[in-house]
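Summary of structural features
In case you want the letters, here they are:
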Amino acid sequence: MKALVDVPIISEEKVKPIMEFLQNMTQLISEMALQKLEQMELNDIIHKREKILKLFVENSPASIAMFDNNMHYLVASHRFLADYNLGDQNLIGRSHYEVFPEISERWKNFHRRGLAGEILKEDNDLFPRVAGKTDWVRWEIRPWYESDDHIGGIILFSEVITAQIEDREALKESEKYNRMLFEQSAIGLLLTSLDGKLIDINLTCANIIGRTIEEAKELTYWEITPEKYLGQEQQQLKNLDEIGYYGPYEKEYIHKDGHFVPVRLQGKIIERAGVKYIWSSVEDITVRKQAEENILKIDRLYAVISQINKTIVRTSDRDKLFKEVCEIVIKYGKFQMSWIGLVDEETNLVNPASFAGIEDGYFSKIKMISISGAPEGRGPIGTAIKEGKT
């Protein structure tokens with residue numbers, strides 16, 4: 001009891017301010033601790049996001065580099081390092097102009113404009129490199145923001161397209177060269193649609209059918225093909241459908257003046273922009289056919305002479321000999337008609353002695369054949385007998 005007597009007694013008026021002070025301090029400490037915790041959590045989130053962004057950029061299939069306001073690297077993708085032949089260098093913190101000392105003032109101006117908030121891009125741009133090398137690049141520069149109104153730096157998206165550009169130029173040169181070969185080829189070349197429309201034709205092929213290139217392009221394949229070949233053409237179209245090519249085979253084209261030109265054809269199905277066409281080579285075989293025909297004529301004449309010689313040896317009857325000789329000419333010489341005439345020395349007229357084959361009123365049409373100087377002796381038979389020609 002004595003101890004209690006010694007405890008000082010404090011009035012409520014004095015205790016209340018102290019309690020309020022302690023309560024306020026407790027609340028302030030609590031809020032500060034909470035803010036600290038939130039800041040730590042926020043920093044952790046930011047750190048995680050930065051790490052994710054770094055991983056994303058580094059492993060992106062695109063060529064990406066991120067810079068601060070001083071054009072120092074913050075992060076760069078592996079593709080960026082590969083595209084610019086930088087190996088496995090660590091670019092973080094290094095100046096872009098240190099890594100690429102050859103950068104022109106033009107590019108530096110692009111960087112400054114990007115850092116000022118402008119978005120820039122170019123699809124085909126030259127990028128000079130060291131040792132005189134030049135790359136073609138497709139690029140885009142965008143600013144990135146630390147806050148709504150504060151630019152933290154720029155992001156460079158780029159792609160080295162030198163190989164694509166060179167391939168494209170090589171393709172153009174190849175197409176130009178192929179076009180030259182097409183136009184100057186000694187073989188006729190022809191491109192038609194599947195329904196027969198002439199899409200493209202070279203000068204050689206146009207000459208075969210006696211037309212200009214412009215005239216030929218107004219035609220269809222069927223307008224230069226004689227009707228007698230339609231069945232054969234259907235078989236070639238079937239080959240195209242089943243195996244993708246046709247020929248080689250021989251047929252004839254219709255020349256502008258109406259005569260038939262013998263040709264040798266072969267071709268295949270090709271595609272352009274997903275559309276199928278028939279690509280054909282056309283060879284004018286007129287000279288070859290004429291040579292073959294001449295050889296056949298000579299062979300037939302030799303066969304005729306040989307058979308006549310045999311007949312002369314074994315046949316003594318004149319009329320029978322004449323008849324057999326005429327038949328030999330038809331059979332081995334492939335003529336429609338042959339005849340033998342004897343010259344009447346008194347009248348100088350050639351009189352038929354025997355014939356074979358299709359006469360078809362021939363003798364009535366020629367009337368008289370003379371070996372004199374009369375008009376009747378000026379024909380091929382009379383002239384040949386007078387001049388001793390066969």
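For the structure, see preceding data.
This write-up is about the structure you can find in this document. The structure displayed is predicted, hence computed values, not measured ones.

1. Quick word on the overall build of the chain
- Assigned secondary structure in the chain consists of 13 helices and twelve strands.
- In the chain, which comprises 390 residues, the share counted as buried stands at 32%.
- Across the chain, contacts joining residues at least 24 apart in sequence account for 36% of those joining residues at least 6 apart.
- In the form shown here, the chain has an accessible surface area of approximately 26,100 Å², with 56% of it arising from carbon and sulfur atoms.

2. Quick word on the sheet that holds strand S7 (residues 198-201)
- The strand order across the open sheet formed by five strands is S7-S6-S10-S9-S8, and the pairing between neighbours is antiparallel. The sheet terminates laterally at S7 and strand S8 (245-254), the two strands that pair on one side only. Strand after strand, the sheet turns through a mean of 30 degrees between neighbouring axes, direction not considered.
- Across ten bridges, strand S9 (residues 260-272) lies against strand S10 (residues 275-284) in antiparallel orientation. Within the sheet, the bridge partner assigned to Arg-272 lies in S10 and is Val-275.
- Contacts from helix H9 (residues 230-243) reach S8, S9 and S10, with the element oriented near 155 degrees to S8.
- Its contacts with the sheet place helix H10 (residues 286-314) against S8, S9 and S10, and it is angled at close to 140 degrees to S9.

3. A few points about the pattern of salt bridges
- Applying the stated criterion to the full structure yields 21 salt bridges.
- Linking Glu-169 and Lys-172 is a salt bridge whose minimum nitrogen-to-oxygen distance equals 3.7 Å. In this pair, Glu-169 and Lys-172 are both assigned in helix H6 (residues 162-184), three residues apart and thus about one turn of the helix distant.
- Overall, Glu-169 belongs to the partly exposed group, its relative accessible area being 38%.
- Among the residues examined, Lys-172 registers a relative accessible area of 46% and is labelled partly exposed.
- Salt-bridge contacts for Asp-200 lead to Arg-179; the nearest nitrogen and oxygen are separated by 2.5 Å. Highlighted residues: Asp-200 in strand S7 and Arg-179 in helix H6, separated in sequence by 21 residues.
- According to the relative accessible area criterion, Arg-179 is partly exposed, its value standing at 35%.
- A network of salt bridges, in which partner residues are shared, links Arg-179, Glu-183, Asp-200 and Lys-217.

4. As for unusual backbone geometry
- The omega torsion of the bond from Gly-247 to Pro-248 falls at 0 degrees, within 30 degrees of zero and hence cis.
- As for its position among the elements, Pro-248 is in strand S8.
- Its identity is not glycine, yet Asn-348 carries a phi of approximately 60 degrees, on the positive side.
- Tracing the chain through its elements places Asn-348 in the loop between strand S11 (337-344) and strand S12 (349-357).
- With relative accessibility at 30%, the residue Asn-348 sits in the partly exposed group.

Reading the values: the criteria
Residues numbered from 1 in each chain as written. Predicted model: local features only at pLDDT ≥ 70, side-chain atom pairs only at ≥ 80, totals over all residues. Heavy atoms only, no water. Helix = DSSP H or I, 4+ residues; strand = E, 2+ residues; numbered from the N terminus. Buried < 20%, exposed > 50% of the residue type's maximum accessible area, 1.4 Å probe, protein only. Contact = heavy atoms within 4.5 Å. Areas by Shrake-Rupley, 256 points an atom, 1.4 Å probe, with all protein chains shown as cover. Pairing = 2+ DSSP bridges. Axes fitted to C-alpha atoms, helices over the stretch in contact; angles between N-to-C directions. Salt bridge = Lys/Arg side-chain N within 4 Å of Asp/Glu carboxyl O.

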